Amino acid sequence: MQITTTVNGHPYSKDVEPRTLLVHYLRDMLGLTGTNVGCDTSSCGACTILLNGESVKSCTVLAVQADGQELVTIEGMATESGLHPIQKAFQENHGLQCGYCTPGMVMAAASFLKENPKPTEHEVREALEGNLCRCTGYHNIVKSVLAAATAMEGVVL
Amino acid sequence: MFPASFDYVKATSVPDAVSILSSVEDSKLLAGGHSLLPLMKLRLASPSMLVDIGSLSELSYIEDKGDYVAVGALTRHHDVQNSRLLKSEVPILPYVASQVGDPSVRHRGTIGGSISHGDGASDLPAAVLALDAKFVAVGPKGERVIPASQFFVGFLETVLDLDEVLTEIRVPKFSGGWSYQKFNRRAQDWAIVGVAAVSNGSTKVSLVNMGSTPLRAVGTEAALADGASIEEASSKASDGIDPPSDLNASSAYRRHLAEVLVRRALVEALR
């Protein structure tokens, strides 16, 4: 089935099998391998992307369900002028260890900060409940998201 | 993990979805997909065709109807959770919605999907059961209204016909106390046991993951109606109920949890 999507601002038109998962569409058909597959059961959040501006787990969405929709992956966060403030905050606060969960963490944080630009630490922890870090580096991940919120001063890029 | 192959069609309206469901054997509705797709990936479900109603925006709404609030079946958990109307008129529902999965799951999962999936371990089916909600279903013969108490009949089984579409959930407004107690070990897990209590004249109590469907704690409700204390009423939480044993909890431990959680729920709802 032919689907059309806008991914990181670029239009794509591809023929997909109905059973193709959105994460495989992004990784295997568009070559956007920044989005990782972790648990593959919508538990871990490694595959988190933005669908029409909101975080979703792309292992539990069919590519056909994204037909006509707007997607942002980790590759769409940085601009020519540099890293997105959330990425920068992760870098500066050592918000990653092995890095596998990081793209999902950044995308979940981007969605969350849009809803709640000035969160408390507790709210950040609750917001990231669907994203697992098996290095257990949560402390600095939360610190990074709080730093990003401050850096963005409530303005979502 | 890939689901088995299936055909896919986007429904253009509820009648269109009904007509496809009626004519294609083993076809199944797809809404947010957050209950169905995991089952399909594990090959526990292999429908021949998915009828996607995800783009039927007319099924996503929250409206004041006087003594009840009408929630369109495609309303996402995220929208139920943040609804001002529900927060003021049926506050237990947005709270329970906020306890489903995690934020990304709540961006996709829908109230109608969760209810028609009918999982006895899910939060929302038990909440609508305690609320005495009613469900509107549309099929080839037209529309019918089904009380929540008659809706859930077995493991992942409801009274919905294969060619019926759940379109609306009608939740009565209430002004009394309420509580939802969810016991789990990890943030985004299903409840090992959960309890919903709604006090509005009489007190309704329902249980999560104590059987193959959401269940009313009839022993507790009858005791309360007879003027029993909270202590006494909660000791009857699992009267007539035979909870399952699984990796998370034995049947006996579930009974214990039900008693403790019903007590906590009643203390909160009746204070």
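Residues numbered from 1 in each chain as written. Chains lettered and ligands numbered in written order. Predicted model: local features only at pLDDT ≥ 70, side-chain atom pairs only at ≥ 80, totals over all residues. Heavy atoms only, no water.

**Student:** What should I look at first to understand the overall build of chain B in this one?
**Tutor:** What chain B contains, in helices and strands, is eleven helices and 14 strands. Scaling as 2.2 N^0.38, a compact globule of 271 residues should have a C-alpha radius of gyration of about 18 Å, and chain B matches this with 18 Å. Taking the principal axes of its C-alpha atoms as reference, chain B extends roughly 55 × 45 × 35 Å. Across the 271 residues that make up chain B, the buried fraction comes to 57%. For chain B, contacts bridging at least 24 residues in sequence account for 60% of all contacts bridging at least 6. Roughly 11300 Å² of accessible area belongs to chain B as shown, and the carbon and sulfur atoms make up 49% of that amount. Chain B carries 26 positive and 31 negative side-chain charges, and their two centres are separated by 5 Å. (Helix = DSSP H or I, 4+ residues; strand = E, 2+ residues; numbered from the N terminus. Rg over C-alpha atoms; globule rule 2.2 N^0.38 Å. Buried < 20%, exposed > 50% of the residue type's maximum accessible area, 1.4 Å probe, protein only. Contact = heavy atoms within 4.5 Å. Areas by Shrake-Rupley, 256 points an atom, 1.4 Å probe, with all protein chains shown as cover. Lys, Arg positive; Asp, Glu negative; His and termini not counted. Charge placed at Lys NZ, Arg CZ, Asp CG, Glu CD.)

**Student:** When you look at the sheet that holds strand β1 (residues 7-10) of chain B in this model, what are you seeing that I'm missing?
**Tutor:** Two pairing modes exist for strands in a sheet, parallel and antiparallel, and in both the strands are linked by backbone hydrogen bonds. Residue and element names in this part refer to chain B. As summarised here, the arrangement of the three strands in space is β1-β3-β2, forming an open sheet in which the pairing is parallel. Here the strands that pair on one side only, and so sit at the sheet edges, are β1 and β2 (27-30). This sheet shows a mean twist of 25 degrees between the axes of neighbouring strands, independent of strand direction. As paired elements, β1 and strand β3 (residues 49-52) share four bridges and run parallel to each other. Bridge pairing in β3 links Asp7 to Met49. Running over the sheet, helix α1 (residues 14-23) touches β1, β2 and β3 and is turned about 155 degrees from β2. (Pairing = 2+ DSSP bridges. Axes fitted to C-alpha atoms, helices over the stretch in contact; angles between N-to-C directions.)

**Student:** Honestly, the pattern of salt bridges in this entry has me stumped. Any pointers?
**Tutor:** Residues and elements named next belong to chain A. Throughout the structure, instances matching the rule amount to 21 salt bridges over all chains. Its salt-bridge partner being Arg125, residue Glu121 comes within 2.9 Å of it at the nearest N-O pair. Of this pair, Glu121 and Arg125 both sit in helix α4 (residues 121-127), four residues apart, roughly one helical turn. Taking the relative accessible area as the measure of exposure, Glu121 reaches 41% and is therefore partly exposed. (Salt bridge = Lys/Arg side-chain N within 4 Å of Asp/Glu carboxyl O.)

**Student:** I keep staring at the pairing of strand β7 (residues 142-147) of chain B and nothing clicks. Help me out?
**Tutor:** Residue and element names in this part refer to chain B. Pairing of strand β6 (residues 134-139) with β7 involves six bridges; the strand directions are antiparallel. Counterpart to Val138 in the pairing with β7 is Glu143. Where β6 folds back onto β7 in an antiparallel hairpin, the turn is made up of two residues.

**Student:** Hey, could you run me through unusual backbone geometry in this one?
**Tutor:** Note on backbone geometry: most residues besides glycine have negative phi, and most peptide bonds are trans. In the Ramachandran plot, Ser42 of chain A falls in the positive-phi region, its phi being about 60 degrees despite a non-glycine side chain. For Ser42 of chain A, the location among the structural elements is in the loop between α1 (22-29) and β3 (48-51). We note that Leu156 of chain B has phi near 50 degrees; this positive angle belongs to a residue other than glycine. Inspection of the secondary structure assignment puts Leu156 of chain B in the loop between β8 (152-154) and β9 (157-158).

**Student:** I would appreciate a short explanation of the state of the cysteines in the present structure.
**Tutor:** Linking two cysteines covalently via their sulfur atoms produces the bond known as a disulfide. All names here are of chain A. Considering all chains together, one arrives at zero disulfides over all chains under this definition. The cysteine Cys39 is free of any disulfide, with Cys44 supplying the nearest cysteine sulfur at 3.8 Å. The class for Cys39 is partly exposed, based on a relative accessible area of 29%. Note on Cys44: relative accessible area 13%, which makes it buried. (Disulfide = S-S within 2.5 Å.)

**Student:** Which parts of the structure should I look at to understand the domain arrangement of chain B?
**Tutor:** How big an interface is tends to be reported as the loss of accessible area on association of its parts. Residue and element names in this part refer to chain B. For chain B, the assigned domains read domain 1 (7-52), domain 2 (57-172) and domain 3 (179-269). For domain 1 versus domain 2, the separation of C-alpha centres amounts to 18 Å. Summing both sides of the interface, domain 1 and domain 2 together bury roughly 1100 Å²; the carbon and sulfur share of this comes to 75%. A per-residue breakdown of the area domain 1 buries against domain 2 is headed by Val14, Val18 and His34, which together make up 41% of the total. The interface formed by domain 1 and domain 2 includes one residue pair in polar contact (both at pLDDT 80 or more). (Domains from an automatic or database assignment. Buried area = accessible area lost by both parts, 1.4 Å probe. Polar contact = N/O pair within 3.5 Å; in protein donor to acceptor, adjacent residues only side chain to side chain.)

**Student:** Would you explain α1 of chain B in this entry?
**Tutor:** The periodicity of an α-helix, 3.6 residues per turn, causes residues three or four places apart in sequence to face the same way. Residues and elements named next belong to chain B. Considered for burial, the residues of α1 that qualify are Val14, Ala17, Val18, Ile20 and Leu21. Buried residues of α1 fall within an arc of 165 degrees about the axis and therefore sit on the same side. Counted as exposed and oriented over 90 degrees from the buried face of α1: Pro15 and Ser23. Buried-residue contacts for α1 involve β1, β2, β3, β6 and β10 (165-172). By the N-cap criterion, in which a side-chain oxygen at the helix start approaches the backbone nitrogen of a residue two or three places on, α1 is capped by Ser13, the distance to Asp16 being 3.1 Å. (Arc of directions from axis to C-beta.)

**Student:** I'm lost on the nonpolar core in this one. Help?
**Tutor:** Note that soluble globular proteins tend to have their nonpolar side chains buried in a common cluster. Residue and element names in this part refer to chain B. Counting residues in hydrophobic clusters, the biggest one holds 37 residues, and the most contacted among them are Val90, Leu93, Ile115, Val128, Phe135, Ile169 and Val171. Looking at this core, the elements with two or more residues in it are β5 (68-72), α5 (92-98), α7 (111-117), α8 (123-130), β6, β10 and β12 (193-200). Of the residues forming this core, the biggest block, six residues, is contributed by α8. Of the residues that make up this core, three or more belong to each of domain 2 (57-172) and domain 3 (179-269). Setting aside anything within four residues of it in sequence, one finds Phe135 in contact with Ile115, Val128, Arg144, Val145, Ile146, Ala148, Phe151, Phe152, Leu166, Glu168 and Ile169. (Core = buried A, V, L, I, M, F, W, Y, C linked by side-chain atoms within 4.5 Å.)

**Student:** Would you take a moment to explain the interface of chain A and chain B for this structure?
**Tutor:** If you look at the interface, chain A gives 30 residues, while chain B gives 31 residues. For the pair chain A and chain B, the summed buried surface comes to about 2400 Å²; carbon and sulfur atoms form 54% of the total. The largest contributions to the chain A side of the interface with chain B come from Arg19, Gln65 and Glu129 of chain A, which together make up 28% of the buried area. Viewed at the interface, chain B and chain A are joined by five salt bridges. The partner of Asp40 of chain A in a salt bridge is Lys41 of chain B, with the nearest N and O atoms 2.8 Å apart. The interface formed by chain A and chain B holds twelve residue pairs in polar contact (both at pLDDT 80 or more) in total. Put simply, the parts of the chain that give the side of chain A that touches chain B at least two residues each are β3, β4 (54-57), α3 (102-115) and α4 of chain A. Considering only residue class, the side of chain A that touches chain B consists of eleven nonpolar, ten polar and nine charged. (Nonpolar A, V, L, I, M, F, W, Y, C, P; charged D, E, K, R; others polar.)

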